[in-house]
Amino acid sequence: MGDVELTGVEVDLGSFKLGPIDLRARDGDYVIVMGPNGSGKSTLLKTIAGLYRPIRGRVIIGGRDVTPKPPEERNVGYVPQGYELFDHMTVFENVEYGLRVRGVPKVERVREVYRIADELGIRGLLNRSVRGLSGGEAQRVALARALVVRPSVLLLDEPLSMIDIEGRDALMLILKEIPRKFNIPVLHVTHNRDEAYSLADRIVVIHGGKVVEEGDPDEVFNRPKSLFTANFVGFKNIFKVKVADGFAELAGIRVKVGEAPGGEAYICIRPEWIRLSDNGPVRGRVKSSIRTYLGYRTVIDIGGVEITALLDRYVEVGREVSLNVSRVHVIRESA
């Protein structure tokens, strides 16, 4: 229905510049755009939606160049952060709104509203005011309003940011099915790592208005190409080391580094890649340990180098431990 392609897109907002951006999302793709606050994520969505006009480049939706077109001529479903439901209308009237402004006949509007309400499980809410809806209910209504017009692409700006944990888990199941159920691409903006890893077919990392990395979730989270991405996706252990004879070494951890014999590299280790082991090759002394819902975040001194591990049990401060490091990722780039 609506492959989305951005080629050389640049947007100048005065205090912020986006681009140049090259990006493509195909029908059935769930694309997560992630990055820190102020990186340009929402600006990118608004540019696709037609709320911002590029000074250079093209926005193509469904094979049609929509760069000069206003939002109402792009057939885009856009759910902004905060939902922006009309609180003087019922849920039915909110969902129906896009069809009504398009001049769709009443009988067809009613049929389409009930169709999408059944798809998203909100039929029982249709006669209610939007005031008093829970965060999860309001987001489903906002999704229904965007999807009822059968858009070519769905754009979601932080759709889970105002929803409690229980509602978020339920909504994530719905979101994951949308690209395939409606045969459209979804572009979803977030800075939440768990959200990105769970939902994405592909992740686009944006920083300072530019795409710094793109790949599937495993690539971006476990084999990032850039130091910025490694920091952003949760590598707590990043160390600059010298490379000698094609190997990099850190506190007894020795890693082969490509074909280049010398220079510098960065050894990157996720906390969950470090485990306690009775006969582990790496030894160190515990400096601190704090409980989290994923395990015990433990700082260990290994020959003067402090690393952070996510262990499955508490270890007393000062105790000497043996460790096994299951994976190491190496990045070769200048700081």
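Whatever comes next refers back to the structure up there.
Note that the structure is predicted; figures quoted are calculated from it, not measured.

So, how was this worked out
- Residues numbered from 1 in each chain as written.
- Predicted model: local features only at pLDDT ≥ 70, side-chain atom pairs only at ≥ 80, totals over all residues.
- Heavy atoms only, no water.
- Axes fitted to C-alpha atoms, helices over the stretch in contact; angles between N-to-C directions.
- Helix = DSSP H or I, 4+ residues; strand = E, 2+ residues; numbered from the N terminus.
- Parallel < 35°, antiparallel > 145°, perpendicular 65-115°, else oblique.
- Contact = heavy atoms within 4.5 Å.
- Nonpolar A, V, L, I, M, F, W, Y, C, P; charged D, E, K, R; others polar.
- Buried < 20%, exposed > 50% of the residue type's maximum accessible area, 1.4 Å probe, protein only.
- Salt bridge = Lys/Arg side-chain N within 4 Å of Asp/Glu carboxyl O.

Peer 1: Mind showing me how you'd approach the packing of helix α3 (residues 106–120) against helix α5 (residues 165–182) here?
Peer 2: A pair of packed helices is captured by two measures, namely the crossing angle of their axes and the spacing between those axes. The contact between α3 and α5 brings their axes to 11 Å, and the two run at 135°. One element, α3, and the other, α5, form an angle in the oblique class. Contact residues: α3 offers R115, I116, E119 and L120, while α5 offers I174, K181 and F182. By residue class, the composition of the contact of α3 with α5 is four nonpolar, no polar and three charged.

Peer 1: Would you take a moment to explain the environment of I174 for this structure?
Peer 2: Note on placement: I174 falls in helix α5. I174 sits in the buried class, given a relative accessible area of 17%. Note: C-alpha distance between I174 and G121 (53 residues apart in sequence) is 9.6 Å. The residues touching I174, leaving out its near neighbours within four places in the chain, are L120 and R140.

Peer 1: Could you clarify how one ought to interpret the pattern of salt bridges in this entry?
Peer 2: Any two side chains of opposite charge can pair if their charged atoms end up close together. For the coordinates displayed, the defined rule picks out 24 salt bridges. The closest approach of N and O atoms between K106 and E96, which form a salt bridge, is 3.8 Å. Of this pair, K106 sits in helix α3 while E96 sits in helix α2 (residues 91–101), and the two are ten residues apart along the sequence. On the accessibility criterion, E96 (4% relative accessible area) is buried. One salt bridge connects E320 with R283, and the closest N-O pair in it is separated by 2.8 Å. Residue E320 is found in strand β19 (residues 320–325), and its partner R283 is found in strand β16 (residues 282–292); the two are separated by 37 residues along the sequence.

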